[in-house]
Amino acid sequence: MSGKLYVDPEIRKGYLDGCVAVIRRARAADGCLDFALTADPIEPGRINVYERWESDVHLQRFRCTGTGPDRLAEIRVAQVEKYRISSVEAP
């Protein structure tokens, strides 16, 4: 999954600080290949989202664990998509 979230620029740092425990739990979760929420360097309220999981089952297990405080009210816009990748190779 990848995409972007938008929060009010003045709360972005606090929002991301509040996500550190979730990021740690995700990266430690069975089947997590990568997980990142990062501040965009150009758009002040944008947060870039990147998740890579071994399978939908692993993703769903993680989503069902109660990953942290509900921060949905702070998100103004969310544009995150799940991608199906058939292969991966070196550049």
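Here is what the cut-offs are and how they apply
Residue numbers restart at each chain and count upward from 1, following the sequence in its written direction. Two thresholds apply to this predicted model, a pLDDT of at least 70 for residue-level local features and 80 or more for giving and counting side-chain atom pairs, whereas whole-chain, interface and lining totals are computed over all residues. Computation of side-chain values: all heavy atoms of the structure, hydrogens and water removed. Starting at the N terminus, helices and strands are each numbered in turn, a helix being any DSSP run of H or I of at least four residues and a strand any DSSP run of E of at least two. Exposed residues in this analysis have more than 50% of their type's maximum accessible area, buried residues have under 20%, and partly exposed residues fall in between, with area computed by a 1.4 Å probe over protein chains only. By the convention used here, residues are in contact when the closest approach between their heavy atoms is within 4.5 Å. In plain words, nonpolar cores are sets of buried Ala, Val, Leu, Ile, Met, Phe, Trp, Tyr and Cys residues tied together by side-chain atoms within 4.5 Å. Two aromatic rings from Phe, Tyr or Trp, using only the six-membered ring of Trp, form a pair when their centres are within 6.5 Å; if the ring planes differ by under 30 degrees the pair is stacked, by over 60 it is edge-to-face, and anything between is tilted. Whenever a nitrogen or oxygen atom comes within 3.5 Å of another N or O atom, the pair is scored as a polar contact, on the condition that within protein one atom can donate a hydrogen and the other can accept it, and that pairs from neighbouring residues in sequence are kept only if both atoms are in side chains.

**Structural notes on the environment of Cys32**
So, point 1. Inspection of the secondary structure assignment puts Cys32 in strand E2 (residues 32-39).
So, point 2. Judged by its relative accessible area of 14%, Cys32 falls in the buried class.
So, point 3. Expressed as a C-alpha distance, the spacing of Cys32 and Ser2, which sit 30 residues apart in the sequence, is 14 Å.
So, point 4. Those residues in contact with Cys32 that lie beyond four places of it in its chain are Ala26, Arg27, Arg52 and Trp53.

**Some details on the nonpolar core**
So, point 1. The biggest cluster of nonpolar side chains holds 18 residues, and the ones touching the most others in it are Leu5, Tyr15, Phe35, Leu37, Ile47, Trp53 and Phe62.
So, point 2. Contributions of two or more residues to this core are made by helix H1 (12-28), E2, strand E3 (46-53) and helix H2 (56-63).
So, point 3. Broken down by element, this core gets its largest block of residues, 6 residues, from H1.
So, point 4. Apart from residues no more than four positions distant in its own chain, Leu5 is found in contact with Tyr15, Gly45, Arg46, Ile47, Val49, Ile75, Val77, Ala78 and Val80.

**Overview of the packing of aromatic side chains**
So, point 1. A full pass over the atoms with the stated rule returns 2 aromatic pairs.
So, point 2. Relative to Phe62, the ring of Phe35 lies with its centre 5.9 Å away and its plane at 65°, an arrangement referred to as edge-to-face. A residue pair is termed long-range when its members are at least 10 positions apart, and Phe35 in strand E2 and Phe62 in helix H2 qualify at 27 residues. Taken individually, Phe35 and Phe62 each receive the classification buried, so the pair is uniform in this respect.
So, point 3. Following the ring pairs from residue to residue traces out a cluster consisting of Phe35, Trp53 and Phe62.

**Notes on the side chain of Asn48**
So, point 1. Mapped onto the secondary structure, Asn48 falls in strand E3.
So, point 2. According to the relative accessible area criterion, Asn48 is buried, its value standing at 17%.
So, point 3. Of note is the side chain of Asn48, whose polar atom sits 3.2 Å from the side chain of Asp40.
So, point 4. Polar side-chain contacts of Asn48 include one of 2.8 Å to the side chain of Arg46.

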